[in-house]
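Below are the chains, spelled out letter by letter.
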Amino acid sequence: MIADLNDKIVSLSKRRGFVFPSSEIYGGAGSTWDFGPLGVELKNNVKRAWWRAMVQLREDVVGIDAAILMHPRVWEASGHVENFTDPLVECANCKKRYRLDELSEGAGGPCPNCGLKKLGEPRRFNLMFKTFVGPVEDSASIAWLRPETAQGIFVNFENVQQSMRRRLPFGIAQIGKSFRNEITPGNFIFRSREFEQMEMQYFCRPAEAPRLYDEWMATRREWFRRLAGHDELFRFREHGDDERAHYAARAFDIEFQFPFGWKELEGIHNRTDFDLRRHSEFSGKDLRYFDDATNERFIPYVVETAVGADRATFAFMCAAYDEEPDKEGIRTVLRLHRDLAPYKVAVLPLSKKPELSELARRVWADLRPEFMTTYDETQAIGRRYRRQDEIGTPLCVTVDFDSLTDQQVTIRDRDDMSQVRVGIPELLPALREKLRA
Ligand code: GAP
(Lines give C-alpha, C1' and ligand atoms only; values in the text may rest on other atoms or scores of the structure.)
Protein backbone atom coordinates (compact mmCIF):
# COMPACT_ATOMS: atom_id res chain seq x y z
CA MET A 1 0.00 0.00 0.00
CA ILE A 2 1.17 3.54 -0.75
CA ALA A 3 2.73 5.24 2.31
CA ASP A 4 0.50 7.80 4.06
CA LEU A 5 -2.36 6.98 1.68
CA ASN A 6 -5.01 8.37 4.01
CA ASP A 7 -3.28 11.76 4.33
CA LYS A 8 -2.72 11.87 0.58
CA ILE A 9 -6.38 11.21 -0.20
CA VAL A 10 -7.56 13.76 2.39
CA SER A 11 -5.16 16.36 1.01
CA LEU A 12 -6.03 15.64 -2.63
CA SER A 13 -9.73 15.79 -1.76
CA LYS A 14 -9.38 19.26 -0.27
CA ARG A 15 -6.92 20.63 -2.81
CA ARG A 16 -8.79 19.43 -5.91
CA GLY A 17 -12.38 19.98 -4.78
CA PHE A 18 -13.56 16.46 -3.89
CA VAL A 19 -14.40 16.79 -0.19
CA PHE A 20 -14.27 19.70 2.26
CA PRO A 21 -14.87 19.69 6.02
CA SER A 22 -18.41 20.95 6.59
CA SER A 23 -18.75 24.53 7.91
CA GLU A 24 -14.97 24.86 7.73
CA ILE A 25 -14.88 28.63 8.18
CA TYR A 26 -16.46 28.06 11.62
CA GLY A 27 -13.90 25.40 12.52
CA GLY A 28 -15.81 22.42 11.14
CA ALA A 29 -18.99 20.71 12.31
CA GLY A 30 -17.86 17.50 13.96
CA SER A 31 -17.21 14.89 11.30
CA THR A 32 -19.62 16.05 8.67
CA TRP A 33 -18.33 16.62 5.17
CA ASP A 34 -19.29 18.56 2.05
CA PHE A 35 -18.69 17.12 -1.39
CA GLY A 36 -17.12 19.69 -3.72
CA PRO A 37 -17.49 19.99 -7.50
CA LEU A 38 -15.42 16.88 -8.28
CA GLY A 39 -16.63 14.92 -5.25
CA VAL A 40 -20.28 15.35 -6.17
CA GLU A 41 -19.54 14.08 -9.69
CA LEU A 42 -17.68 11.07 -8.33
CA LYS A 43 -20.28 10.21 -5.70
CA ASN A 44 -23.12 10.67 -8.22
CA ASN A 45 -21.29 8.30 -10.55
CA VAL A 46 -20.95 5.74 -7.74
CA LYS A 47 -24.69 6.03 -7.06
CA ARG A 48 -25.51 5.85 -10.78
CA ALA A 49 -23.35 2.73 -11.21
CA TRP A 50 -25.09 1.11 -8.23
CA TRP A 51 -28.58 2.01 -9.51
CA ARG A 52 -27.74 0.75 -12.98
CA ALA A 53 -26.49 -2.59 -11.64
CA MET A 54 -29.17 -3.03 -8.98
CA VAL A 55 -32.27 -1.65 -10.74
CA GLN A 56 -31.84 -0.80 -14.41
CA LEU A 57 -30.13 -4.00 -15.52
CA ARG A 58 -32.33 -6.31 -13.46
CA GLU A 59 -35.78 -7.67 -14.17
CA ASP A 60 -36.54 -8.28 -10.52
CA VAL A 61 -35.67 -5.04 -8.67
CA VAL A 62 -37.51 -1.70 -8.62
CA GLY A 63 -36.54 1.54 -6.91
CA ILE A 64 -38.19 3.98 -4.51
CA ASP A 65 -37.31 7.22 -2.75
CA ALA A 66 -38.97 7.32 0.68
CA ALA A 67 -39.15 10.22 3.14
CA ILE A 68 -36.46 10.60 5.80
CA LEU A 69 -38.99 11.50 8.51
CA MET A 70 -41.31 8.59 9.22
CA HIS A 71 -44.02 7.73 11.73
CA PRO A 72 -42.29 7.27 15.12
CA ARG A 73 -43.89 3.84 15.56
CA VAL A 74 -41.76 2.64 12.61
CA TRP A 75 -38.67 2.82 14.82
CA GLU A 76 -40.36 1.05 17.71
CA ALA A 77 -41.45 -1.74 15.38
CA SER A 78 -38.03 -1.99 13.75
CA GLY A 79 -36.38 -2.37 17.16
CA HIS A 80 -34.20 0.72 16.73
CA VAL A 81 -35.63 2.64 19.70
CA GLU A 82 -34.77 -0.28 21.96
CA ASN A 83 -31.72 -1.82 20.33
CA PHE A 84 -29.88 0.64 18.10
CA THR A 85 -27.35 1.46 20.78
CA ASP A 86 -23.60 1.44 21.32
CA PRO A 87 -22.05 0.94 24.76
CA LEU A 88 -20.68 4.36 25.75
CA VAL A 89 -17.92 4.82 28.33
CA GLU A 90 -17.03 8.26 29.69
CA CYS A 91 -13.87 9.28 31.54
CA ALA A 92 -14.78 11.04 34.82
CA ASN A 93 -11.53 13.03 34.66
CA CYS A 94 -11.20 14.39 31.08
CA LYS A 95 -14.83 13.74 30.01
CA LYS A 96 -13.72 12.04 26.79
CA ARG A 97 -16.19 9.44 25.50
CA TYR A 98 -15.47 6.08 23.89
CA ARG A 99 -17.30 3.13 22.43
CA LEU A 100 -16.58 0.20 24.73
CA ASP A 101 -15.21 -1.92 21.83
CA GLU A 102 -12.54 0.75 21.16
CA LEU A 103 -10.97 0.31 24.59
CA SER A 104 -8.38 -2.46 24.49
CA GLU A 105 -8.63 -3.08 28.25
CA GLY A 106 -12.35 -2.36 28.52
CA ALA A 107 -13.90 0.06 31.00
CA GLY A 108 -11.52 -1.13 33.76
CA GLY A 109 -8.40 0.11 31.91
CA PRO A 110 -6.87 3.57 31.66
CA CYS A 111 -8.42 6.38 29.62
CA PRO A 112 -6.55 6.53 26.26
CA ASN A 113 -6.63 10.36 26.49
CA CYS A 114 -5.59 11.27 30.06
CA GLY A 115 -4.24 7.86 31.18
CA LEU A 116 -6.20 7.81 34.48
CA LYS A 117 -8.28 4.81 35.48
CA LYS A 118 -11.41 6.91 35.78
CA LEU A 119 -13.59 5.32 33.11
CA GLY A 120 -17.20 4.94 34.18
CA GLU A 121 -19.56 1.98 33.73
CA PRO A 122 -20.67 1.41 30.11
CA ARG A 123 -24.14 2.75 29.38
CA ARG A 124 -26.30 2.19 26.32
CA PHE A 125 -26.33 5.18 24.01
CA ASN A 126 -28.98 5.32 21.27
CA LEU A 127 -27.48 6.41 17.95
CA MET A 128 -30.67 7.90 16.51
CA PHE A 129 -31.04 11.67 16.21
CA LYS A 130 -34.26 12.83 17.82
CA THR A 131 -36.25 15.83 16.62
CA PHE A 132 -39.78 17.18 16.94
CA VAL A 133 -42.39 17.62 14.26
CA GLY A 134 -44.39 20.86 14.47
CA PRO A 135 -44.08 23.72 16.95
CA VAL A 136 -44.48 21.77 20.22
CA GLU A 137 -41.61 19.76 21.65
CA ASP A 138 -43.44 17.01 23.52
CA SER A 139 -43.45 13.22 23.46
CA ALA A 140 -46.36 13.17 20.99
CA SER A 141 -44.33 15.06 18.38
CA ILE A 142 -41.10 13.02 18.47
CA ALA A 143 -39.58 12.10 15.12
CA TRP A 144 -36.31 10.36 14.38
CA LEU A 145 -33.90 11.02 11.55
CA ARG A 146 -33.70 7.60 9.92
CA PRO A 147 -30.57 5.61 10.81
CA GLU A 148 -31.09 3.29 7.81
CA THR A 149 -33.03 3.72 4.57
CA ALA A 150 -34.30 0.13 4.78
CA GLN A 151 -37.41 0.93 6.86
CA GLY A 152 -38.78 3.15 4.07
CA ILE A 153 -38.70 0.02 1.93
CA PHE A 154 -40.34 -2.29 4.48
CA VAL A 155 -43.27 0.05 5.12
CA ASN A 156 -43.81 0.33 1.37
CA PHE A 157 -43.59 -3.41 0.70
CA GLU A 158 -47.31 -3.81 0.05
CA ASN A 159 -47.62 -0.55 -1.95
CA VAL A 160 -44.81 -1.58 -4.29
CA GLN A 161 -45.80 -5.22 -4.57
CA GLN A 162 -49.38 -4.35 -5.51
CA SER A 163 -48.82 -1.25 -7.67
CA MET A 164 -46.03 -2.97 -9.62
CA ARG A 165 -47.78 -6.40 -9.62
CA ARG A 166 -44.67 -8.16 -8.36
CA ARG A 167 -44.33 -11.85 -7.55
CA LEU A 168 -41.70 -13.21 -5.20
CA PRO A 169 -38.78 -13.05 -5.36
CA PHE A 170 -38.27 -9.36 -6.06
CA GLY A 171 -36.25 -6.49 -4.66
CA ILE A 172 -36.76 -2.84 -3.76
CA ALA A 173 -33.76 -0.52 -3.93
CA GLN A 174 -33.22 2.92 -2.52
CA ILE A 175 -30.49 5.55 -2.20
CA GLY A 176 -30.78 8.23 0.44
CA LYS A 177 -29.46 9.99 3.49
CA SER A 178 -29.17 8.29 6.86
CA PHE A 179 -28.12 9.76 10.18
CA ARG A 180 -26.34 8.23 13.16
CA ASN A 181 -25.17 10.07 16.21
CA GLU A 182 -21.90 8.12 16.21
CA ILE A 183 -19.95 8.30 19.48
CA THR A 184 -16.64 8.36 17.63
CA PRO A 185 -17.00 9.38 14.00
CA GLY A 186 -13.78 9.72 12.06
CA ASN A 187 -11.36 8.46 9.48
CA PHE A 188 -12.43 11.11 6.97
CA ILE A 189 -15.72 10.14 5.25
CA PHE A 190 -15.52 6.53 6.50
CA ARG A 191 -17.71 7.16 9.55
CA SER A 192 -19.74 10.33 9.75
CA ARG A 193 -22.99 11.35 11.37
CA GLU A 194 -24.77 12.15 8.11
CA PHE A 195 -24.17 9.87 5.16
CA GLU A 196 -25.87 8.26 2.20
CA GLN A 197 -26.82 4.62 1.94
CA MET A 198 -27.55 2.46 -1.09
CA GLU A 199 -29.75 -0.37 0.16
CA MET A 200 -31.70 -3.16 -1.44
CA GLN A 201 -34.23 -5.45 0.23
CA TYR A 202 -34.83 -8.69 -1.68
CA PHE A 203 -38.14 -10.29 -0.66
CA CYS A 204 -38.36 -14.05 -1.08
CA ARG A 205 -39.86 -17.32 0.13
CA PRO A 206 -38.19 -18.36 3.42
CA ALA A 207 -36.73 -21.54 1.92
CA GLU A 208 -35.07 -19.57 -0.90
CA ALA A 209 -33.28 -17.13 1.41
CA PRO A 210 -30.02 -19.10 1.98
CA ARG A 211 -29.45 -19.63 -1.77
CA LEU A 212 -30.32 -16.02 -2.63
CA TYR A 213 -28.08 -14.83 0.17
CA ASP A 214 -25.10 -16.60 -1.43
CA GLU A 215 -26.03 -15.21 -4.84
CA TRP A 216 -26.20 -11.64 -3.55
CA MET A 217 -22.84 -12.00 -1.81
CA ALA A 218 -21.25 -12.97 -5.13
CA THR A 219 -23.13 -10.28 -7.08
CA ARG A 220 -22.06 -7.51 -4.76
CA ARG A 221 -18.43 -8.63 -4.61
CA GLU A 222 -18.36 -8.69 -8.42
CA TRP A 223 -19.74 -5.13 -8.54
CA PHE A 224 -16.76 -3.88 -6.55
CA ARG A 225 -14.32 -5.98 -8.57
CA ARG A 226 -15.62 -4.55 -11.85
CA LEU A 227 -15.44 -0.94 -10.73
CA ALA A 228 -12.39 -0.94 -8.45
CA GLY A 229 -10.26 -3.78 -9.87
CA HIS A 230 -7.93 -4.96 -7.09
CA ASP A 231 -10.01 -7.86 -5.84
CA GLU A 232 -7.27 -8.42 -3.22
CA LEU A 233 -8.43 -5.25 -1.43
CA PHE A 234 -11.85 -6.82 -0.72
CA ARG A 235 -12.80 -9.76 1.49
CA PHE A 236 -15.81 -11.26 3.23
CA ARG A 237 -16.09 -11.49 7.00
CA GLU A 238 -18.94 -13.22 8.78
CA HIS A 239 -20.34 -11.63 11.93
CA GLY A 240 -20.11 -13.64 15.12
CA ASP A 241 -23.19 -14.28 17.28
CA ASP A 242 -22.28 -11.38 19.56
CA GLU A 243 -21.96 -8.71 16.86
CA ARG A 244 -24.96 -9.30 14.57
CA ALA A 245 -27.55 -6.51 14.43
CA HIS A 246 -30.80 -7.27 16.24
CA TYR A 247 -32.60 -8.00 12.97
CA ALA A 248 -30.03 -10.30 11.34
CA ALA A 249 -30.04 -14.10 11.38
CA ARG A 250 -26.91 -14.09 9.23
CA ALA A 251 -24.54 -11.24 8.41
CA PHE A 252 -21.46 -10.90 6.29
CA ASP A 253 -19.47 -7.75 5.67
CA ILE A 254 -17.67 -7.05 2.46
CA GLU A 255 -14.55 -5.52 3.97
CA PHE A 256 -12.12 -3.21 2.20
CA GLN A 257 -8.50 -2.67 3.07
CA PHE A 258 -8.68 1.02 3.97
CA PRO A 259 -5.39 2.80 4.80
CA PHE A 260 -6.29 2.30 8.49
CA GLY A 261 -7.01 -1.43 8.17
CA TRP A 262 -9.67 -3.90 7.00
CA LYS A 263 -13.07 -2.33 7.68
CA GLU A 264 -16.70 -2.89 6.78
CA LEU A 265 -17.69 -1.49 3.41
CA GLU A 266 -21.02 -3.24 2.85
CA GLY A 267 -23.29 -5.38 4.99
CA ILE A 268 -25.25 -8.33 3.60
CA HIS A 269 -27.92 -9.57 5.97
CA ASN A 270 -30.56 -12.25 6.15
CA ARG A 271 -33.21 -10.24 7.98
CA THR A 272 -35.67 -13.16 7.89
CA ASP A 273 -39.30 -11.98 8.28
CA PHE A 274 -38.28 -9.82 11.27
CA ASP A 275 -39.15 -6.37 9.89
CA LEU A 276 -42.36 -7.19 8.02
CA ARG A 277 -43.62 -9.28 10.95
CA ARG A 278 -42.94 -6.47 13.41
CA HIS A 279 -44.58 -3.88 11.12
CA SER A 280 -47.62 -6.17 10.83
CA GLU A 281 -47.80 -6.40 14.62
CA PHE A 282 -47.28 -2.69 15.29
CA SER A 283 -49.43 -1.28 12.46
CA GLY A 284 -52.18 -3.91 12.61
CA LYS A 285 -51.89 -4.32 8.85
CA ASP A 286 -51.62 -7.86 7.47
CA LEU A 287 -48.41 -7.79 5.43
CA ARG A 288 -48.50 -11.45 4.47
CA TYR A 289 -47.93 -12.30 0.84
CA PHE A 290 -50.43 -14.51 -0.97
CA ASP A 291 -48.70 -17.12 -3.09
CA ASP A 292 -51.18 -18.10 -5.80
CA ALA A 293 -49.00 -21.06 -6.80
CA THR A 294 -49.46 -22.76 -3.43
CA ASN A 295 -52.49 -20.88 -2.05
CA GLU A 296 -50.41 -20.01 1.02
CA ARG A 297 -50.11 -16.77 2.95
CA PHE A 298 -46.81 -15.99 4.63
CA ILE A 299 -44.48 -13.15 5.54
CA PRO A 300 -41.57 -13.05 3.07
CA TYR A 301 -37.96 -13.28 4.14
CA VAL A 302 -35.55 -10.51 3.21
CA VAL A 303 -31.97 -10.61 2.00
CA GLU A 304 -30.51 -7.13 2.37
CA THR A 305 -27.47 -5.53 0.74
CA ALA A 306 -26.47 -2.24 2.40
CA VAL A 307 -23.54 -0.02 1.47
CA GLY A 308 -22.64 3.59 2.22
CA ALA A 309 -22.27 5.80 -0.87
CA ASP A 310 -19.69 7.97 0.90
CA ARG A 311 -17.75 4.99 2.22
CA ALA A 312 -17.79 3.33 -1.22
CA THR A 313 -16.61 6.59 -2.81
CA PHE A 314 -13.71 6.67 -0.35
CA ALA A 315 -12.86 3.02 -1.09
CA PHE A 316 -12.88 3.65 -4.85
CA MET A 317 -10.52 6.61 -4.35
CA CYS A 318 -8.15 4.51 -2.22
CA ALA A 319 -8.15 1.65 -4.74
CA ALA A 320 -7.56 4.06 -7.63
CA TYR A 321 -4.78 6.15 -6.09
CA ASP A 322 -1.41 5.47 -7.70
CA GLU A 323 1.99 7.10 -7.85
CA GLU A 324 4.71 6.36 -10.38
CA PRO A 325 8.12 7.90 -10.98
CA ASP A 326 8.49 10.05 -14.06
CA LYS A 327 11.01 12.55 -15.33
CA GLU A 328 9.45 15.37 -13.30
CA GLY A 329 9.42 13.37 -10.06
CA ILE A 330 6.22 11.54 -9.16
CA ARG A 331 3.15 11.24 -11.35
CA THR A 332 0.00 10.90 -9.21
CA VAL A 333 -2.79 9.09 -11.05
CA LEU A 334 -6.29 8.38 -9.84
CA ARG A 335 -6.98 5.27 -11.91
CA LEU A 336 -10.74 5.52 -11.47
CA HIS A 337 -12.98 3.35 -13.62
CA ARG A 338 -14.18 5.47 -16.55
CA ASP A 339 -17.80 5.16 -15.29
CA LEU A 340 -16.75 6.74 -11.99
CA ALA A 341 -14.31 9.43 -13.14
CA PRO A 342 -15.70 12.96 -12.44
CA TYR A 343 -14.66 14.20 -15.88
CA LYS A 344 -14.46 11.83 -18.82
CA VAL A 345 -12.62 14.23 -21.12
CA ALA A 346 -10.49 17.36 -20.68
CA VAL A 347 -9.96 19.70 -23.63
CA LEU A 348 -6.55 21.38 -23.60
CA PRO A 349 -5.40 23.90 -26.22
CA LEU A 350 -1.61 23.78 -26.50
CA SER A 351 -1.39 27.50 -25.86
CA LYS A 352 -3.65 30.40 -24.95
CA LYS A 353 -3.35 31.93 -28.43
CA PRO A 354 -6.83 33.17 -29.43
CA GLU A 355 -7.01 31.08 -32.62
CA LEU A 356 -6.26 27.88 -30.64
CA SER A 357 -8.64 28.79 -27.82
CA GLU A 358 -11.38 29.44 -30.32
CA LEU A 359 -11.01 26.04 -32.00
CA ALA A 360 -10.56 24.24 -28.67
CA ARG A 361 -13.70 25.87 -27.26
CA ARG A 362 -15.65 24.75 -30.35
CA VAL A 363 -14.40 21.18 -29.84
CA TRP A 364 -15.32 21.43 -26.14
CA ALA A 365 -18.83 22.67 -26.95
CA ASP A 366 -19.38 19.64 -29.24
CA LEU A 367 -18.38 17.22 -26.47
CA ARG A 368 -20.35 18.74 -23.58
CA PRO A 369 -23.79 17.31 -24.46
CA GLU A 370 -22.31 13.80 -24.42
CA PHE A 371 -19.71 13.69 -21.64
CA MET A 372 -18.89 15.43 -18.40
CA THR A 373 -15.92 17.51 -19.58
CA THR A 374 -13.55 20.21 -18.46
CA TYR A 375 -11.36 22.79 -20.18
CA ASP A 376 -7.94 24.01 -19.10
CA GLU A 377 -5.60 26.40 -20.90
CA THR A 378 -3.30 27.60 -18.11
CA GLN A 379 0.35 26.51 -17.69
CA ALA A 380 2.48 24.05 -19.66
CA ILE A 381 0.73 21.10 -21.29
CA GLY A 382 2.71 18.57 -19.18
CA ARG A 383 1.47 20.22 -15.98
CA ARG A 384 -2.07 20.15 -17.30
CA TYR A 385 -1.88 16.42 -18.11
CA ARG A 386 -0.65 15.83 -14.54
CA ARG A 387 -3.56 17.85 -13.14
CA GLN A 388 -6.04 15.70 -15.05
CA ASP A 389 -4.24 12.46 -14.06
CA GLU A 390 -4.53 13.42 -10.41
CA ILE A 391 -8.31 13.79 -10.61
CA GLY A 392 -8.77 10.68 -12.72
CA THR A 393 -9.78 12.13 -16.11
CA PRO A 394 -9.39 9.14 -18.49
CA LEU A 395 -8.85 11.14 -21.70
CA CYS A 396 -7.40 14.51 -22.70
CA VAL A 397 -7.96 16.10 -26.10
CA THR A 398 -5.14 18.43 -27.13
CA VAL A 399 -5.65 21.08 -29.78
CA ASP A 400 -2.34 22.28 -31.28
CA PHE A 401 -1.20 24.55 -34.08
CA ASP A 402 -1.37 21.76 -36.67
CA SER A 403 -5.03 21.33 -35.71
CA LEU A 404 -5.72 24.71 -37.33
CA THR A 405 -4.68 23.36 -40.72
CA ASP A 406 -5.20 19.57 -40.63
CA GLN A 407 -8.35 19.67 -38.44
CA GLN A 408 -6.95 16.88 -36.26
CA VAL A 409 -6.50 16.70 -32.49
CA THR A 410 -4.60 14.38 -30.14
CA ILE A 411 -6.31 12.01 -27.69
CA ARG A 412 -4.07 11.24 -24.72
CA ASP A 413 -4.80 8.31 -22.42
CA ARG A 414 -4.45 8.71 -18.62
CA ASP A 415 -3.31 5.18 -17.89
CA ASP A 416 -0.62 4.43 -20.47
CA MET A 417 -0.10 8.03 -21.64
CA SER A 418 -0.41 6.86 -25.27
CA GLN A 419 -1.42 9.48 -27.83
CA VAL A 420 -3.36 9.10 -31.07
CA ARG A 421 -4.34 11.70 -33.59
CA VAL A 422 -7.88 11.80 -34.97
CA GLY A 423 -9.82 14.11 -37.24
CA ILE A 424 -12.19 16.48 -35.44
CA PRO A 425 -15.24 15.00 -37.24
CA GLU A 426 -14.20 11.54 -35.93
CA LEU A 427 -13.46 12.74 -32.39
CA LEU A 428 -16.84 12.00 -30.80
CA PRO A 429 -17.06 8.36 -31.99
CA ALA A 430 -13.37 7.83 -31.13
CA LEU A 431 -13.93 9.06 -27.55
CA ARG A 432 -17.10 6.98 -27.21
CA GLU A 433 -15.17 3.92 -28.31
CA LYS A 434 -12.28 4.56 -25.92
CA LEU A 435 -14.60 5.20 -22.99
CA ARG A 436 -16.47 1.96 -23.71
CA ALA A 437 -13.31 -0.17 -23.98
N1 GAP B 1 -29.87 -1.48 6.78
C2 GAP B 1 -28.73 -2.15 7.28
C3 GAP B 1 -27.68 -1.25 7.69
O4 GAP B 1 -27.85 -0.04 7.78
P5 GAP B 1 -25.19 -1.21 8.48
O6 GAP B 1 -24.15 -2.30 8.39
O7 GAP B 1 -25.44 -0.58 9.80
O8 GAP B 1 -26.51 -1.88 7.92
C9 GAP B 1 -24.72 -0.38 6.07
O10 GAP B 1 -24.86 -0.07 7.43
C11 GAP B 1 -23.59 0.43 5.47
O12 GAP B 1 -23.82 1.83 5.65
C13 GAP B 1 -22.21 0.18 6.08
O14 GAP B 1 -21.62 -0.98 5.56
C15 GAP B 1 -21.47 1.44 5.68
O16 GAP B 1 -21.01 1.34 4.33
C17 GAP B 1 -22.57 2.50 5.75
N18 GAP B 1 -22.49 3.21 7.04
C19 GAP B 1 -23.00 2.84 8.23
N20 GAP B 1 -22.73 3.75 9.18
C21 GAP B 1 -22.02 4.74 8.59
C22 GAP B 1 -21.46 5.97 9.03
N23 GAP B 1 -21.59 6.38 10.29
N24 GAP B 1 -20.79 6.74 8.13
C25 GAP B 1 -20.67 6.34 6.84
N26 GAP B 1 -21.20 5.20 6.36
C27 GAP B 1 -21.86 4.39 7.21
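Residues numbered from 1 in each chain as written. Predicted model: local features only at pLDDT ≥ 70, side-chain atom pairs only at ≥ 80, totals over all residues. Heavy atoms only, no water.

Draft legend 1. Quick peek at the layout of surface pockets. Looking at the largest pocket, its volume works out to about 1,500 Å³. The wall of the largest pocket is formed by 48 residues, among which Asp86, Arg180, Arg191, His239 and Glu264 lie closest to the centre. Contributing elements (two or more residues each) for the lining of the largest pocket: helix H4 (80-83), strand E4 (85-90), strand E10 (194-204), strand E12 (250-258), strand E13 (261-272), strand E16 (301-308) and helix H9 (309-320). In terms of residue count, E13 provides more of the lining of the largest pocket than any other element does, seven residues in total. Looking at the lining of the largest pocket residue by residue, the class counts come to 15 nonpolar, 13 polar and 20 charged. Elements represented by at least two residues in the lining of the second largest pocket include exactly helix H2 (37-56) and helix H13 (424-436). (1 Å grid on protein atoms, 1.4 Å probe; cavity = no way out; pocket = protein on both sides within 12 Å on 5 of 7 lines; lining within 4 Å. Points joined across faces, edges and corners; volume = space filled by probe spheres on them. Helix = DSSP H or I, 4+ residues; strand = E, 2+ residues; numbered from the N terminus. Nonpolar A, V, L, I, M, F, W, Y, C, P; charged D, E, K, R; others polar.)

Draft legend 2. Highlighting the site of the ligand. The full set close to the ligand counts 22 residues, and Glu148, Glu182, Glu199, Glu264 and Leu265 are the nearest of them. The backbone of Phe190 places a nitrogen or oxygen atom 3.4 Å from a nitrogen atom of the ligand. Between the ligand and Gly308 there is a distance of 2.8 Å, counted from an oxygen atom to a backbone nitrogen or oxygen. For the ligand, whose accessible area on its own is 560 Å², the fraction buried by protein is 94%. Tallying contributions element by element places E13 first for the shell around the ligand, with six residues. Among the residues making up the shell around the ligand, the classes are represented as seven nonpolar, five polar and 10 charged. (Near = heavy atom within 4 Å. Polar contact = N/O pair within 3.5 Å; in protein donor to acceptor, adjacent residues only side chain to side chain. Areas by Shrake-Rupley, 256 points an atom, 1.4 Å probe, with all protein chains shown as cover.)

Draft legend 3. Molecular detail of the sheet that holds strand E20 (residues 373-375). Reading across from one edge, E20-E19-E21-E22-E23 is the order of the five strands in this open sheet, with mixed pairing throughout. Either end of the sheet is taken by a strand with one partner, and the two such strands are E20 and strand E23 (419-423). Geometrically, the sheet is characterised by an average inter-axis angle of 25 degrees between neighbouring strands, direction not taken into account. Bridge count for strand E19 (residues 345-349) against E20 is three bridges, and the pairing is parallel. (Pairing = 2+ DSSP bridges. Axes fitted to C-alpha atoms, helices over the stretch in contact; angles between N-to-C directions.)

Draft legend 4. Quick look at unusual backbone geometry. The residue after Leu168, namely Pro169, is reached through a cis peptide bond having omega -5 degrees. Relative to the helices and strands, Pro169 is located in the loop between helix H6 (157-163) and strand E9 (170-179). The backbone of Lys95 sits at a positive phi, close to 70 degrees, despite the residue not being glycine. Inspection of the secondary structure assignment puts Lys95 in the loop between E4 and strand E5 (97-99). Assessed through its relative accessible area of 52%, Lys95 is described here as exposed. In this structure, Thr272 is a non-glycine residue whose phi angle is positive, near 50 degrees. Its location among the elements puts Thr272 in strand E13. (Buried < 20%, exposed > 50% of the residue type's maximum accessible area, 1.4 Å probe, protein only.)

Draft legend 5. The domain arrangement of the protein chain, seen in detail. Domain assignment breaks the protein chain into domain 1 (5-70 + 149-317) and domain 2 (343-436). Every contact between the two is made by seven residues of domain 1 and, on the other side, six residues of domain 2. Roughly 590 Å² of surface becomes buried between domain 1 and domain 2 when both sides are summed, with 53% attributable to carbon and sulfur atoms. Considering only the surface of domain 1 that becomes buried against domain 2, Arg16, Leu38 and Glu41 emerge as the three largest contributors, covering 64% of it. The tally of links between domain 1 and domain 2 comes to two salt bridges. The interface formed by domain 1 and domain 2 contains three residue pairs in polar contact (both at pLDDT 80 or more). Only helix H1 (5-15) and H2 provide two or more residues apiece to the side of domain 1 that touches domain 2. The element that contributes the greatest number of residues to the side of domain 1 that touches domain 2 is H2, accounting for three residues. (Domains from an automatic or database assignment. Contact = heavy atoms within 4.5 Å. Buried area = accessible area lost by both parts, 1.4 Å probe. Salt bridge = Lys/Arg side-chain N within 4 Å of Asp/Glu carboxyl O.)

Draft legend 6. A look at the pairing of E12. The element E12 is extensively covered by neighbouring structure, given that seven of its nine residues are classed as buried. As judged from the five bridges shared by strand E11 (residues 234-238) and E12, these two strands associate in the antiparallel manner. Counterpart to Phe236 in the pairing with E12 is Ile254. Where E12 folds back on E13, the antiparallel hairpin that results is connected by two residues.

Draft legend 7. The arrangement of the side chain of Arg221 in detail. Positionally, Arg221 belongs in helix H7 (residues 209-228). Residue Arg221 is classed as buried on the basis of its relative accessible area of 18%. Not counting residues up to four positions away in its chain, the partners in contact with Arg221 are Asp231, Phe234, Arg235, Phe236 and Ile254.

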